Structure formats: C-alpha cells, structure tokens
Amino acid sequence: MASIFSLIAAGQIPSYKIAEDENYYAFLDINPLAKGHTLVIPKKEVDYIFDLDEQTYAGLWAFAKKVAEGIKAAIPCKRVGVAVLGMEVPHAHIHLVPLQTEGDLNFRNKKLSLTPEEFNEIAQKIAAAI
Ligand code: AMP
C-alpha cells in the first residue's frame, strides 16, 4: 500500500503544496512547530532516508536547499532548521522549520493550530519565493 506521503505527492490526498519537480515534493506539515514548517520528500517511496540511493539522496538535499531559501525569504526567522525523524510516517522526509531560537526545533513543543486560510497563505508566500 502506498504511504500517505506518496498519496500526497500523487495528488490523491490534499496538501498545502510548496514546490514540486519530477522527483521531489514539498508541502506544509499539518502539525507545525512554527509557521512555514515544511516537509520535503522524494517521490520514490523509501522508508529510511539513509536507505535512499545516492542520486535520490543528494537530489533530496539539493531540493530541500531551494525550499529552505524560499522559506527564509518568505517567513521572518533567524535560520531554517533541519530535522530528520521518521518516527511517524515511513516515507523518507526532511523537516524544514523556521527558527527564532534553538528551542523552536523541539518536537515536544506544542504544535500550532492554523486555519486552512493561514496554511494556504503561508504555502503561497513560500512558493512565490522559490
Ligand atoms: P515523523 O515521521 O516523525 O518525521 O513525523 C511525520 C510528520 O508528518 C509529523 O510532523 C506530522 O505532523 C506530519 N504529517 C503527517 N501526516 C501529514 C499530512 N497528511 N500532511 C502534512 N503533514 C503530515
């Protein structure tokens, strides 16, 4: 069965899309640590990021860099932080989180509750900055 992230990349489950190319897809995390918290995935479905083939792995980070530059331009923040967990969804993904302080990257923090309108606005702002 396809992972939830494969279904998102295929457009079969809705997402707040940020960017896409032939091999990669970026979209907002629906339980964000901060406004602009984004997930970047390879379309190829592999659970553990370090099991990706070299080319897909390198391309994923290159794609994430472009997305992070868009986040930095669109969302006021000091840095865009990076995390790889994969404890919940078995499809490799990189978290990109706009940071004001180190503590903003703590996954035990309370997640933001945003309206669909807010998610859409954030996604459009970041997409336009890429
Ligand atoms: P982890 O696998 O531990 O990196 O966590 C998976 C992340 O995916 C969590 O931050 C979830 O909020 C996020 N997530 C799960 N389902 C969706 C979805 N349908 N759309 C956007 N983000 C999701």
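Residues numbered from 1 in each chain as written. Predicted model: local features only at pLDDT ≥ 70, side-chain atom pairs only at ≥ 80, totals over all residues. Heavy atoms only, no water.

**Some thoughts on the pairing of strand β5 (residues 94-99)**
Okay, so step 1: Of all the six residues making up β5, six are buried; the element is thus mostly covered by neighbouring parts of the structure.
Okay, so step 2: Judged by which residues are buried, β5 turns out to be covered on both faces: I94, L96 and P98 on one side and H95, V97 and L99 on the other are all buried.
Okay, so step 3: Here strand β3 (residues 38-42) pairs with β5 via three bridges, running antiparallel. In the sheet register, T38 faces β5, and the bridge partner there is L96.
Okay, so step 4: Bridge count for strand β4 (residues 79-83) against β5 is five bridges, and the pairing is antiparallel. Following the sheet pairing, V82 is matched in β5 by L96. (Buried < 20%, exposed > 50% of the residue type's maximum accessible area, 1.4 Å probe, protein only. Helix = DSSP H or I, 4+ residues; strand = E, 2+ residues; numbered from the N terminus. Pairing = 2+ DSSP bridges.)

**Brief notes about the site of the ligand**
Okay, so step 1: Neighbouring residues of the ligand: 16 residues in total, closest D29, N31, V89, H93 and H95.
Okay, so step 2: At 3.3 Å, a backbone N or O of I30 approaches a nitrogen atom of the ligand.
Okay, so step 3: Residue H95 places a side-chain N or O atom 2.8 Å away from an oxygen atom belonging to the ligand.
Okay, so step 4: About the coverage of the ligand: the protein hides 90% of its 510 Å² of free accessible area.
Okay, so step 5: Of all the cavities here, the one that holds the ligand is the largest pocket.
Okay, so step 6: Among the secondary structure elements, those contributing two or more residues to the shell around the ligand are α1 (4-9) and β2 (24-28). (Near = heavy atom within 4 Å. Polar contact = N/O pair within 3.5 Å; in protein donor to acceptor, adjacent residues only side chain to side chain. Areas by Shrake-Rupley, 256 points an atom, 1.4 Å probe, with all protein chains shown as cover. 1 Å grid on protein atoms, 1.4 Å probe; cavity = no way out; pocket = protein on both sides within 12 Å on 5 of 7 lines; lining within 4 Å. Sits in = over half its atoms within 2 Å of the grid points.)

**So, helix α3 (residues 116-129)**
Okay, so step 1: The end-to-end C-alpha separation of α3 is 20 Å, in line with the 20 Å expected for 14 residues at 1.5 Å each.
Okay, so step 2: At its buried positions, α3 is contacted by β1 (17-20), β2, β3 and α2 (54-74). (Expected span 1.5 Å × (residues − 1). Contact = heavy atoms within 4.5 Å.)

**Notes on the sheet that holds β4**
Okay, so step 1: Strand order across the open sheet formed by five strands is β1-β2-β3-β5-β4, with antiparallel pairing between neighbours. The sheet is open, and its two borders are formed by β1 and β4, each paired with just one other strand. Pairwise comparison of adjacent strand axes, ignoring direction, gives a mean angle of 20° for this sheet.
Okay, so step 2: The sheet contact formed by β1 and β2 spans three bridges and is antiparallel. Note on β2: the bridge partner recorded for A19 is A26.
Okay, so step 3: Packed onto the sheet, α2 meets β1, β2, β3, β4 and β5 and runs at close to 155° relative to β3. (Axes fitted to C-alpha atoms, helices over the stretch in contact; angles between N-to-C directions.)

**Concerning the pairing of β3**
Okay, so step 1: Burial analysis of β3 places five of its five residues in the buried class, which makes it a mostly covered element.
Okay, so step 2: Of the two faces of β3, the one carrying T38, V40 and P42 and the one carrying L39 and I41 are both buried.

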